[in-house]
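Topology and contacts: notes
In case you want the letters, here they are:
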Amino acid sequence: MLRLKKECPWNSFNLPTLIMILSRKFLRRTFLNAVGPFKQISPSVHILNGHVIGMDPGHGKASFRRMLRTLSRSAKLVRIEDACDMVRNRKQVSEPMIAFTFDDGFIDCYADIAPVLEEFGTNALFFINPNFTNGDQAYVENFLKSNVPEIPGRPPMTAAMVRELAGRGFVIGAHTMDHMRLTSEDPAFLQHQVVDCKAAVEVISGMPCDHFAWTYGRFSDISDRAIQVAADHYQYVFSGDRYASYTSIDGKVLNRRHFECDWPASHVKYFLSVKRHH
């Protein structure tokens, strides 16, 4: 299961540590394979957070299509605007509902993810890093090496692609200018990475930017000041943490659940079996 993060210094691990890491992954997957098929998605509004179509782009669309076909048998796939509205207004739902978001703005969003979602009559919220979108080859290569070494060579969407998706009914959000971790409280840094990012996304998409997701998603990856700055400038702010709760910080933050498009549907069902609460 792909979890995008800072580059992992594998060469610093000794053999017992590597064996332990691989064993944990194997046991986790074995557990999810065994338990997932028996889980039911809870009657809640679920907001998923992914990144790419899969580690193997050649088979990603088929895997994602299978996942959505399975999920749609037991849950309603809803537009992200409707999901945000239901969460913000604390609407009680009687059936499972699922909406989608994707971070970083990889070309997968345009070439693979959006077309499959359209087949199922729904949309997604794509969070982009404007300097990645507009970056030259050197910037893009450094971005990939620094932030997502698991998938080297995966380019970003172009500005034209982003604008087209916005015109097709997808929502474009902000994800900092440069995919920076927001633990700093420096006003100039936050102004550029959070506030200036809003205007930059609007120039790219041609649409208002009302949604912000901080990088890495955990509350340990952002300062209290950064959350406040984001909440002051965006209608919706998203984490990737504390999923059992719909929101955090007195409703300022909407919480999402990580997934990837090539995960088995049974694994996603397991994670979405949690009953969410306000």
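Everything here concerns the structure above.
Residues numbered from 1 in each chain as written. Predicted model: local features only at pLDDT ≥ 70, side-chain atom pairs only at ≥ 80, totals over all residues. Heavy atoms only, no water.

1. Description of the packing of helix H4 (residues 108-119) against helix H7 (residues 159-167)
To keep it simple, the criterion reads: Note on geometry: axes are lines fitted to C-alpha atoms, helical ones only across the stretch in contact, with angles between N-to-C directions running from 0 to 180 degrees. Per the convention used, a helix needs a DSSP run of H or I reaching at least four residues, while a strand needs a run of E reaching at least two, with both numbered from the N terminus. Each angle is binned into one of four classes, with values under 35 degrees roughly parallel, values over 145 roughly antiparallel, values of 65 to 115 roughly perpendicular, and all other values oblique. Working rule for contacts: check all heavy atoms of both residues, and any pair within 4.5 Å makes them a contact. Each residue is assigned to one class: nonpolar for Ala, Val, Leu, Ile, Met, Phe, Trp, Tyr, Cys and Pro, charged for Asp, Glu, Lys and Arg, and polar for all the others, Gly among them.
At a closest axis distance of 10 Å, the pairing of H4 and H7 adopts a crossing angle of 25 degrees. Classified by the angle between their axes, H4 and H7 sit roughly parallel to one another. Between H4 and H7, the contacting residues are Cys-109, Tyr-110 and Ala-114 on the first element and Met-161, Glu-164 and Leu-165 on the second. A class-by-class count of the residues in the contact of H4 with H7 yields five nonpolar, no polar and one charged.

2. Let's talk about the pairing of strand E5 (residues 171-174)
Rule in force here: Summary of the burial criterion: residues with accessible area below 20% of their type's maximum are buried, those above 50% are exposed, and those between are partly exposed, where the area comes from a 1.4 Å probe applied to protein chains only. Between any two strands, at least two bridges found by DSSP are needed for them to pair.
Every second residue of E5 is oriented toward a common face, with Val-171 and Gly-173 on one face and Ile-172 and Ala-174 on the other, all of them buried. Both strand E4 (residues 125-128) and E5 contribute to a ladder of four bridges, which runs parallel. In the sheet register, Ile-128 faces E5, and the bridge partner there is Ala-174.

3. Structural notes on the environment of Asn-147
Filter applied, for reference: Side-chain atoms alone can form a polar contact between residues adjacent in sequence; in general such a contact is a pair of N or O atoms within 3.5 Å, and within protein one must be able to donate a hydrogen while the other accepts it.
Tracing the sequence through the fold places Asn-147 in helix H6 (residues 137-147). Between the C-alpha atoms of Asn-147 and Tyr-216, which are 69 residues apart in sequence, the distance is 9.8 Å. One polar contact links Asn-147 to Tyr-216, side chain to side chain, over a distance of 3.1 Å.

4. Let's talk about the pairing of strand E7 (residues 236-239)
Cut-off, in case you're wondering: Assignment of crossover handedness uses the view with strands pointing away from the viewer, where a clockwise path from the first strand over the helix to the second indicates a right-handed crossover.
What you see with E7 is no split at all: Tyr-236 and Phe-238 on one side and Val-237 and Ser-239 on the other are buried throughout. Read from strand E6 (residues 211-213) through helix H9 (residues 224-233) to E7, the crossover connection turns out right-handed. As paired elements, E7 and strand E9 (residues 253-255) share three bridges and run parallel to each other. Bridge pairing in E9 places Val-237 opposite Val-253.

5. Some words on H6
Just so we agree on the cut-off: Think of the arc as the fan of directions from the helix axis to the C-beta atoms.
Along H6, the residues that are buried comprise Val-140, Phe-143, Leu-144 and Asn-147. Taken down its axis, H6 places every buried residue within 95 degrees of arc, on the same side. More than 90 degrees from the buried face of H6, the exposed residues found are Gln-137, Ala-138 and Lys-145. Tucked into the core, H6 has its buried residues touching helix H5 (130-133).

6. Details of the packing of helix H8 (residues 187-205) against H9
Condition: Whether a crossing is left-handed or right-handed is set by the direction in which the near helix is turned from the far one by less than a right angle, anticlockwise for left-handed and clockwise for right-handed.
Direction vectors running N to C along H8 and H9 enclose 20 degrees, while the axes themselves pass 10 Å from each other. Relative to H9, the element H8 is oriented roughly parallel. Where H8 crosses over H9, the handedness of that crossing is right-handed. On the side of H8, the interface is formed by Leu-190, Val-194, Val-195 and Lys-198, while H9 contributes Arg-225, Ala-226, Val-229, Ala-230 and His-233. Taken together, the residues of the contact of H8 with H9 sort by class into six nonpolar, one polar and two charged.

7. Quick word on the pattern of salt bridges
Think of it this way: side chains of opposite charge can pair up when their charged atoms draw near. Put simply, the rule is: Just to be clear on terms, a salt bridge is a Lys or Arg side-chain nitrogen sitting within 4 Å of an Asp or Glu carboxyl oxygen.
Summed over all chains, the structure comprises 10 salt bridges. In this structure, Arg-79 engages Glu-81 in a salt bridge whose closest nitrogen and oxygen atoms are separated by 3.3 Å. Judged by its relative accessible area of 32%, Arg-79 falls in the partly exposed class. Between Asp-103 and Arg-256 there is a salt bridge, and its shortest N-O distance comes to 3.0 Å. With a gap of 153 residues between them, Asp-103 in strand E3 (residues 97-104) and Arg-256 in the loop between E9 and strand E10 (257-258) connect regions that are remote in the sequence. Each of the two residues, Asp-103 as well as Arg-256, counts as buried.

8. Describing the nonpolar core
Heads up, the rule is: Buried Ala, Val, Leu, Ile, Met, Phe, Trp, Tyr and Cys residues form a nonpolar core when they are joined through side-chain atoms within 4.5 Å.
Within the largest apolar cluster, 58 residues are counted, with the highest numbers of intra-cluster contacts made by Phe-64, Phe-100, Phe-102, Phe-126 and Phe-259. The element contributing the most residues to this core is H8, with seven residues. Those residues within four positions of Phe-259 in sequence are excluded, and the remaining contacts are Leu-48, Asn-49, Gly-50, Phe-64, Met-67, Phe-100, Phe-102 and Val-268. Counting residues in hydrophobic clusters, the runner-up holds 19 residues, among them Val-78, Met-97, Leu-125 and Ala-213.

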